[in-house]
Amino acid sequence: MSTLTSVSRKSFASRLPISELLAGDLDYHIVRASMVIMFFFFGYQKWWAYEADRLEPFIGNGPLIWWLYPAFGHQGASWFLGVSEWTFGALIFAGFWSKRLGILGALGSTGTFIATVTIIPFMPDGWDASAGGFPAMTGNVPFLMKDVVLLAVSLYLLKQDAARVLKRLEA
């Protein structure tokens, strides 16, 4: 039985590299499309007062974005973020056809998520004291943790698009 299992695994593993799902760029395109969708929906929220109010603890405690309130005011800061998110989402979308535009979108996306990830250590009451503090997340910290993954996705798109542009330049 173990020989049969071993043969089945080898057979399955040997077919993976030639399968249609793994041979193409499906993962790359799904990641790109996911980021476009995320930026569209998150950018849309920024146009409404309910989201401007919800952003207060994030902007107010963000070491890289605190300046938005003095520069643009309460609602203006939300609009600034919405325009930024739609711009980066549009550039990432354009990256389906133009890798150079995709690089710009991925750079903006990377900056966005660096800015939001850096809020995590500064978020008041972000670690539940009754559970021993760090790493017991509470409040707004769990919401921000998704941005760690989105930062990684942004860096992945940046690397992929830059590699494709360099490959074309070398050809």
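Refer to the preceding data block for the structure.
The present account deals with the structure reproduced in this document. (Residues numbered from 1 in each chain as written. Predicted model: local features only at pLDDT ≥ 70, side-chain atom pairs only at ≥ 80, totals over all residues. Heavy atoms only, no water.)

1. Overview of the overall build of the protein chain
Okay, step 1: The number of helices and strands found in the protein chain is 8 helices and 0 strands.
Okay, step 2: Mapped from its N terminus to its C terminus, the protein chain presents α and β elements in the order α-α-α-α-α-α-α-α.
Okay, step 3: Relative to its 171 residues, the protein chain shows a buried fraction of 33%.
Okay, step 4: Taking the contacts inside the protein chain whose residues are at least 6 apart along the sequence as the reference set, 67% of them involve residues at least 24 apart.
Okay, step 5: For the protein chain, the exposed surface amounts to about 10400 Å²; the carbon and sulfur share of it is 71%. (Helix = DSSP H or I, 4+ residues; strand = E, 2+ residues; numbered from the N terminus. Buried < 20%, exposed > 50% of the residue type's maximum accessible area, 1.4 Å probe, protein only. Contact = heavy atoms within 4.5 Å. Areas by Shrake-Rupley, 256 points an atom, 1.4 Å probe, with all protein chains shown as cover.)

2. Describing the side chain of Lys46
Okay, step 1: Within the secondary structure, Lys46 sits in the loop between helix 3 (26-45) and helix 4 (49-54).
Okay, step 2: A relative accessible area of 3% places Lys46 in the buried class.
Okay, step 3: Only 3.0 Å separates the side chain of Lys46 from the backbone oxygen of Phe42, close enough to count as a polar contact.
Okay, step 4: If sequence neighbours within four positions are ignored, Lys46 has contacts with Glu51, Leu55, Gln75, Ser78, Trp79, Leu81, Gly82 and Glu85. (Polar contact = N/O pair within 3.5 Å; in protein donor to acceptor, adjacent residues only side chain to side chain.)

3. Observations regarding helix 3
Okay, step 1: Across its 20 residues, helix 3 extends 29 Å between first and last C-alpha, which sits within 8% of the 28 Å expected from 1.5 Å per residue.
Okay, step 2: Taken as a whole, helix 3 has its buried residues at Tyr28, Arg32, Met35, Val36, Phe39 and Gly43. When helix 3 is viewed along its axis, its buried side chains cluster within an angular range of 100° and face the same direction. (Expected span 1.5 Å × (residues − 1). Arc of directions from axis to C-beta.)

4. Focus: the packing of aromatic side chains
Okay, step 1: Tallied over the entire structure, the rule returns 16 aromatic pairs.
Okay, step 2: Consider the rings of Phe39 and Phe88, whose centres lie 6.4 Å apart with planes at 70°: the pair is edge-to-face. Separated by 49 residues along the polypeptide, Phe39 in helix 3 and Phe88 in helix 6 (residues 68-94) bring together distant segments of the chain. Take Phe39 and Phe88: they sit in the same class, and that class is buried.
Okay, step 3: Members of the aromatic cluster, connected to one another through ring pairs, are Phe40, Phe41, Trp47, Trp79 and Trp86.
Okay, step 4: Taking the ring centre of Phe143 as reference, the NZ or CZ of Lys146 above it sits at 4.0 Å. (Phe/Tyr/Trp six-rings, centres within 6.5 Å; stacked < 30°, edge-to-face > 60°. Lys NZ or Arg CZ within 6 Å of the ring centre and 35° of its normal.)

5. Some remarks on helix 8 (residues 141-170)
Each turn of an α-helix holds 3.6 residues, which means side chains three or four residues apart point in the same direction.
Okay, step 1: Its 30 residues give helix 8 an end-to-end C-alpha distance of 44 Å, which sits within 8% of 44 Å, the value for a rise of 1.5 Å per residue.
Okay, step 2: Looking at helix 8, one finds that the buried residues are Val141, Leu144, Asp147, Leu150, Leu151, Val153, Ser154, Leu157, Gln160, Asp161 and Val165.
Okay, step 3: The elements touched by buried residues of helix 8 are helix 3, helix 5 (56-61), helix 6 and helix 7 (99-117).

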